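Report on the structure
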Amino acid sequence: MSKSQRTPRQFLFNYFILILFVVACNADKSKEILTSNTYELVYSLPNSKVWDPSWSKINEVNVHILADPDNLHPTNGSSQIRDEILQYLHCALINTDLQHGNMRPSICESMPKFSDDNKSLTFKLRKGITWDDGTQITASDIVFTIKASKCALTNNVSNKFFFENVKDVLIDSSDSLKFTIVFKSASEYNLPMWCDYPILQENKFDFDNRLRTVSINQMNDTNFIQSANPKLVAWATLFNQEEMGKNPKLVSGLGPYQLEKWEQGQYISIVKKKNHWTSQLNDSLNKAYPEKIAFRIAQDPAVQKSSFISQLFDASGAFPTRLLFELQQDKIFNKNYHSKFVDTYGYTYIAMNMHPDGIKQQLILNDINVRKALAYSSQIDNMIKVVNKGINKRVAGPVAPLKKEYNQDLKLIPFDLKKANELLDASGWIDSDKDGIRDKKINNKKVSLTLELIYFNTIPDWKEMAVIIAEGMKQAGVLIKPVACDYPTWMEKVSTHNYDLAMGSWNTSSFPEDYSQLWSTASYIGNGSNYTGFGNATSDSLINAIAKETDAAKKIILEKKMQQLIYDEQPYIFLYGLVRRCVVHKRFDHATFYAERPGILYSPLELSPLCNKSSVNN
Amino acid sequence: MKWGYKIILFFTLIAVMAPLLSNDKPILLISNGNLSFPFLNEERIQIGENDFYIMPLIPYRAGASDFNNADFKSPFDSQDNSMFNRHWLGTTLRGCDVLAGIISGARYALIVGFCSALISLIIGLLLGAGSAFSNTGLMRLSWLQLLLLFPLLLFDFNVLFNVQASLIFKVLLFLVSIFLFFYIGRLNHKSTVGVKLNFENFESQLTILFSSVPRLFFIVAVMGIFHQGILTLILLLGITGWMEIARVARAEIYKIQSMDFYAAAKLSGASWMRITLKQLLPNLKPLLMAVFAFSFAGAIMSEASLSFLGFGLATDQVTWGSLILEGKESFHAWWLILFPGICLSFCLHALFSIARSWNNDKYSL
Amino acid sequence: MRIISKIVLVITSFIVVIAFSFSLIRYQSNRPLQAVTANNNFSQHAISVYDPSYLKLYHLYGLDLPSFYFSISNLALPYSYKYLPACDEKDFLIYWSCKTGSPETIYKVYQSLIQFHNEEWRIPPSQVLQLQRLSRELIYARNIDSLNNYYRQYAENLPRESLTFKAIASVNTINASGAWKQWVPTFHLHATNQFGLWFSDWWNNGNGIYARSWMSKNTVDSVIKKPLIITLIITIITIIVIVFYSIVIAAELFLNKEKRIVDYTLNVLQFLYSIPAFFIGAILVFIFANPYQLQLFPANFSFAPISENDSITILALLKSWKYFILPVVTLSFGAVVFFTLMLHRSFEEEYAKNYVLSAKMMGVNNRTIVYKYVLKNALYSSSTFLFLLFPALLSGAVIVEQLFSIAGIGNLLITAARSQDVPILIYLFGLIGLVTALCFVALDYFQQKIVGRLLSKKEEKE
């Protein structure tokens, strides 16, 4: 080795060459932030007028998704992406009307009618709707669906709660398409529970009619599991099997598409059925154009970027905000894609534990002054500017500004250290030991103003958000320790109220707001979603009043009052409204983005007719 | 090859002076005639208009946001600050100063590298030497000790992990029990009955066992489950890095044992202590220095790789690896990859050249 | 014989490593049930410790079993208290024991718990729920007195036939002279334990809590199969590349050692060696795969035809050649440099030997000497490196797979570690450990038999 004497000068030279090479590859970037302050429910995008030769002419939509669904089982499952895919494979009695933010009939002739006591619903199915094997859909299929969902033996976790309220189904003796569902009690969920809920074919899932041996009423019995006969248990085991949610032969229903292949961690592809009932009905609503929709997984931002630049994907609803913003500056991307940031009903927040137990959590956040001071010392505007490019809009309360009942009197809390300091001083939090963190004597014990902020480790941006929030609060003399958790840990900590601060997000829809979930004391005691411990007798009675009120105008007044109540108590620091990052390739016509979930429908996307003309020209 | 030392010295100086070099607090503050050094403590200070103060060379703390220069400002971009407060090596997404990050990275790299290499050295030397000496018959267990071994192990385990007592008491008890064990061995020192402890076999088995654990795999798996922190990282790196040291130490001690001067020292009746201090260690030194430098470099490399994978230190600690990770996630920010990378490879290179200078035979690199 | 003993050693060390990591992980991760019941997506709630079915599931999955074949404890602290689920009742017992102070009360409570360990339920689930509600209500009206009150009420309201009641009663009856008991260690053997369950489960491809991935709910085998194949392919290609390039570079450098460029090249190689792989990879991606600039090679492996299908065909492999370039270059960089320099040094050593001199005298071409005779001997002396290359590359693959988003085992490891997917972690850990250990054995065998025989043959000839 002594042949070559290595000197620092030579190494410096090597590095110099390396630096030159890398700097030469540097791209220059210029950007400007374009944000609007308007809220819209629907964005209809214009069809493209020119056909670019680089565009693919294959009538397939490649959709970008972030992760696999848990399964594609028609009833047992819970992930959002599963719901999104299932709506192409199955049909429901009623659908969400994305255009207007309410419901519309799907396989029933018209919207169902409630009886006078609001305890029963009457549906009538449309004629000519057939299963894949050609048989007609009847009310007995609906009965089967209800039984399979309600039966205590099946693992239907997320929807069983709603079906507990179903008492019986009465099939009209004269018309096999007409039936009435009877409920135990009148509830606001009685209609929305049917929305986008898949209808199953009895003949396929229960060919020897085992479920007909039990009635729906029998299923209401608490000892149903103990007394169930072995044949039924065997059926349920079969029905719960994972194969049911994975095998392409088993995963199919009334919908216009069927599952072709599911490659775990890679993609899920669904293809258009050849003889589907919609083709005979000439139905414009349920029309499906693309021959194939492939849901492909890409998690790495660099991967997503390069694949959208090279047009490997056609659509996405799950782009990272910063990346889409960056791509929107790119001319080629804009030439190829429609893209838009669409405001949704969800929001992100930092929940504060209003009832610390004094053992694991110090008695800090039970003081409203501290909560207010924390809100005043969080740099939310800067956070949005840095992490989300200023695209997301701040929210002041728990209701999205898209809704009518949004209380516009609520003011956004500014970043005001002076105010925060005043509030903390007033509560007796003083930095007595001069270590930069305030402290106070509680029960003769010195407690320093140190709090733990938990957030999900799955989203990389949230780490930055937590750090920015912590930096702001540090300036007010509050030490925040950001701790990343995986989802189960976060959930466990929050639902057992074993936390100080928790960053999270909450998704709602255009349906009427349900305040009891987040803000009622019952939800706190029952380990529900009231993580903070907000609430007292007044707020509880207000929530009840809102639920009972039928008059729309009066309801809005009550709801605004409720929002004011939450705003004053400051159980949350409201951060910003969630934004869906919608992208669709311009080679498809009728691209529409909705505020309501799922945001984009892929089946109405039609390959632009210009495609054929260009081939003639060539 | 003196320049290797110079570079390490340079990085060490930077690491030691880190709070003086880059900080968002003044080094010296004269407010109303009172002189203070705010950079020494954590107290929040407010600087009045008439106060005299001296800011550090880089007036930014590692990892602190600068919203005016956020969103990946390159070193050549126009920046929203004065000439002296410029971010000379660019910024990250939150506007953190990269130069400050590199200084803090040097600190963590050297701390983690040195401490874990030291742990490796201690473990490796003990095991290697033990294995080499066990062959000479110096270590043997008497039957009494053998009888006591298992109950004593049980007792110690119970004391350390199950009994409710103060930690100091537990550790003291543990040490006493170990002392007792060896004292019993000395009691019947003269008796020939006993078992010769073949430590060599045990050591080689242990070495194979630990060598068969891929370092990065192990640390990622454990860091994923345990709380991430600098102590855990140092311990894990130390525990997984001693095999090479043990192997080298054993081989070298064997070699020394077969040499004439060692035999002469032994024959002349020198004490065990004297032989170790005067004969063994000076002859082991060059090789140990080389291996130490290598495991130092290896630990720095592993720490950077782990930070790059996101399994390194805690979130608020900026290291070279975490800067490169941030650069990898955004294509255009070359300064995030380049500068920490250069520091890292300079540091590694210096250590390699030091290792080479101590030993020109065994390690060609 | 030596080899057999080595293999036995490897297998034992493999089991020790797995058992160690298992216990470590089991000890730390307190919530396998939450992990199993929760989804990787955000919508479904994990089972709460307050759920009445929690205890049932806990027992069903064998989580109340000891974690290994033996455990060390003491007379005052029965082993099984550690495996009680984290339920309200346990909280209460610990609270209550701590209130009464001495460790022997803890012992007594758990002693009596063990006595009734086989009873199915301690408190009827409905009552547990009721008590929890009570506790929540009291915690809501938060102060510590109320907590004390709550636990006092809890104790008063306990049904007489419940285990906890009996435990407290027995504590009261036992006199307080058992403080010495905690100093007496006990050694327990457990025929049924979590490790054994897991091992048999894994062996039989069963349905147990440790035999399936906690995230994707598939069997561990099926999760690992494809990533393993992809990583193996990349590793093998890399080994071929390393061996080929380092031989060629080293030989050519050696043949042209008079030229000035050789010195510089050696210098550059030295410089390149100190650059870590991820830095090289990041720079390669930046230069060659930057979407703004040259897009010469794709940096995203997930679009390669090979990762599209579940079965890997030769055709798909050939089609995706372009995707292999950057990962293989990154992975082989350090090793090529290291091996080249090593070979170069061996060349220098070998070239000074007598047989080279005699070949030269016979008028053999210098190039032929180097490639035909010197290379062979140089390779033998550096065979150690080649055998240890494989495990080293597997470790290096973790970084490269992260960089190029290759769905190999390194990527799997990272995702499993992030989501604390314990079954996958243990499996991967054991697998890689086994492969590495086998490489050691193979190296040993190679050095013993082949190199040894060759050397002895050569000596015979000479």
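Residues numbered from 1 in each chain as written. Chains lettered and ligands numbered in written order. Predicted model: local features only at pLDDT ≥ 70, side-chain atom pairs only at ≥ 80, totals over all residues. Heavy atoms only, no water.

1. Here's the deal with the overall build of chain C
Within chain C, the secondary structure is distributed over 19 helices and 2 strands. Counting over 462 residues, chain C shows a buried share of 52%. Looking at chain C as shown, the accessible area adds up to about 21,200 Å², and 62% of this sits on carbon and sulfur atoms. (Helix = DSSP H or I, 4+ residues; strand = E, 2+ residues; numbered from the N terminus. Buried < 20%, exposed > 50% of the residue type's maximum accessible area, 1.4 Å probe, protein only. Areas by Shrake-Rupley, 256 points an atom, 1.4 Å probe, with all protein chains shown as cover.)

2. What about the overall build of chain B?
Helices and strands together make up the secondary structure of chain B, namely 13 helices and 5 strands. Whereas a compact globule of 365 residues would reach a radius of gyration of roughly 21 Å, chain B reaches 26 Å, over 25% beyond that. Taking the principal axes of the C-alpha coordinates as reference, chain B spans close to 85 × 55 × 45 Å. When burial is assessed residue by residue, chain B has 53% of its 365 residues classed as buried. Taking as baseline every contact in chain B between residues at least 6 positions apart, the subset at least 24 positions apart corresponds to 70%. Looking at chain B as shown, the accessible area adds up to about 17,300 Å², and 67% of this sits on carbon and sulfur atoms. Side chains of chain B give 25 positive and 21 negative charges; the mean places of these two sets differ by 17 Å. (Rg over C-alpha atoms; globule rule 2.2 N^0.38 Å. Contact = heavy atoms within 4.5 Å. Lys, Arg positive; Asp, Glu negative; His and termini not counted. Charge placed at Lys NZ, Arg CZ, Asp CG, Glu CD.)

3. Quick word on the pairing of strand β9 (residues 257-263) of chain A
Residue and element names in this part refer to chain A. Inspection of the sheet shows β9 paired to strand β10 (residues 267-272) by 6 bridges, in the antiparallel sense. By the bridge assignment, Lys-261 is partnered in β10 with Ser-269. With antiparallel pairing between neighbouring strands as the criterion, β9 and β10 make up a hairpin whose turn holds 3 residues, including Gly-265 at a positive phi of roughly 80°. (Pairing = 2+ DSSP bridges.)

4. Topic: the packing of aromatic side chains
All names here are of chain A. Applying the stated criterion across every chain, the model contains 51 aromatic pairs over all chains. Through a chain of ring-to-ring contacts, three or more aromatic side chains come together here, namely Tyr-347, Tyr-349, Trp-519, Phe-534, Tyr-572 and Phe-574. Cation over ring: Lys-246 sits above Trp-262, and NZ or CZ is 5.8 Å from the ring centre. When the ring centre of Tyr-567 is taken as origin, the NZ or CZ atom of Lys-372, which lies over that ring, is 6.0 Å away. (Phe/Tyr/Trp six-rings, centres within 6.5 Å; stacked < 30°, edge-to-face > 60°. Lys NZ or Arg CZ within 6 Å of the ring centre and 35° of its normal.)

5. So, empty space enclosed by the protein
Residue and element names in this part refer to chain A. Following the criterion strictly, the structure yields 12 cavities of 30 Å³ or more and no others. Along the wall of the largest cavity there are 14 residues; nearest its centre are Arg-394, Ala-396, Ile-413, Gln-570 and Phe-574. Looking at the lining of the largest cavity, the elements that each hand over two or more residues are α21 (552-569) and β19 (572-585). Looking at the lining of the largest cavity residue by residue, the class counts come to 11 nonpolar, 1 polar and 2 charged. (1 Å grid on protein atoms, 1.4 Å probe; cavity = no way out; pocket = protein on both sides within 12 Å on 5 of 7 lines; lining within 4 Å. Points joined across faces, edges and corners; volume = space filled by probe spheres on them. Nonpolar A, V, L, I, M, F, W, Y, C, P; charged D, E, K, R; others polar.)

6. A look at the sheet that holds β9(A)
Read across the open sheet, the 10 strands follow the order β9-β10-β11-β2-β12-β19-β13-β18-β16-β17 (chain A); overall the sheet is mixed. Strands at the two margins of the open sheet, each flanked by one partner only, are β9 and β17 (479-485) of chain A.

7. Focus: the environment of C:Ile4
Residue and element names in this part refer to chain C. Within the element layout of this structure, Ile-4 appears in helix α1 (residues 2-28). Its relative accessible area of 52% is what places Ile-4 among the exposed residues. Distance from Ile-4 to Val-441, taken between C-alpha atoms, is 9.6 Å for residues 437 residues apart in sequence.

8. Structural notes on the domain arrangement of chain B
Reports often express the size of an interface as the amount of accessible area lost when the parts come together. Per the domain assignment, the segments of chain B are domain 1 (23-56) and domain 2 (112-318 + 348-363). Look at where the C-alpha atoms of domain 1 of chain B and domain 2 of chain B centre, and you get two points 47 Å apart. (Domains from an automatic or database assignment.)

9. Some points on the interface of chain C and chain B
Listed as interface residues are 59 residues of chain C and, on the opposing side, 54 residues of chain B. With both sides pooled, the region where chain C packs onto chain B buries about 5,200 Å², and carbon together with sulfur makes up 78% of that total. When the area that chain C buries against chain B is broken down by residue, the three leading residues are C:Trp183, C:Phe278 and C:Phe429, summing to 13%. Connecting chain C to chain B are 1 residue pair in polar contact (both at pLDDT 80 or more). Among the elements that take part in the side of chain C that touches chain B, α1(C) stands out by supplying 9 residues, more than any other. Taken together, the residues of the side of chain C that touches chain B break down into 42 nonpolar, 13 polar and 4 charged. (Buried area = accessible area lost by both parts, 1.4 Å probe. Polar contact = N/O pair within 3.5 Å; in protein donor to acceptor, adjacent residues only side chain to side chain.)

10. A few points about the nonpolar core
The tendency in soluble globular proteins is for nonpolar side chains to be buried as a group. Grouped together as the largest cluster of nonpolar side chains are 273 residues, with contacts concentrated most on A:Leu374, A:Trp490, A:Met503, A:Trp519 and A:Leu575. Those residues in contact with A:Met503 that sit more than four places away from it in its chain are A:Tyr349, A:Ile350, A:Leu453, A:Ile454, A:Tyr455, A:Trp462, A:Met465, A:Ala466, A:Ile469, A:Trp490 and A:Leu575. (Core = buried A, V, L, I, M, F, W, Y, C linked by side-chain atoms within 4.5 Å.)

11. A closer look at the confidence of the model for chain C
Atomic detail in the predicted coordinates should be set aside for any region of low pLDDT. All names here are of chain C. Here chain C averages 72 in pLDDT, and 63% of its residues register 70 or above. Model confidence for chain C, summarised as mean pLDDT per element, is weakest for helix α5 (residues 103-115) at 46 and strongest for helix α10 (residues 220-255) at 89. Note that residues 98-108 has pLDDT below 50 and, in this model, 21 contacts with residues that lie over four places away or in other chains. Contacts from residues 110-132, a stretch scored under 50 in pLDDT, to residues over four places away or in other chains number 43 contacts. As scored by the predictor, the complex reaches a pTM of 0.81 and an ipTM of 0.81. (pLDDT = per-residue confidence, 0-100.)

12. Overview of the sheet that holds strand β5 (residues 113-114) of chain A
Residue and element names in this part refer to chain A. Here 4 strands make up an open sheet; going across it, the order is β5-β6-β8-β7 and the pairing antiparallel. Strands at the two margins of the open sheet, each flanked by one partner only, are β5 and β7 (166-171). Pairing geometry for β5 and strand β6 (residues 120-124), over 2 bridges, is antiparallel. By the bridge assignment, Phe-114 is partnered in β6 with Leu-121.

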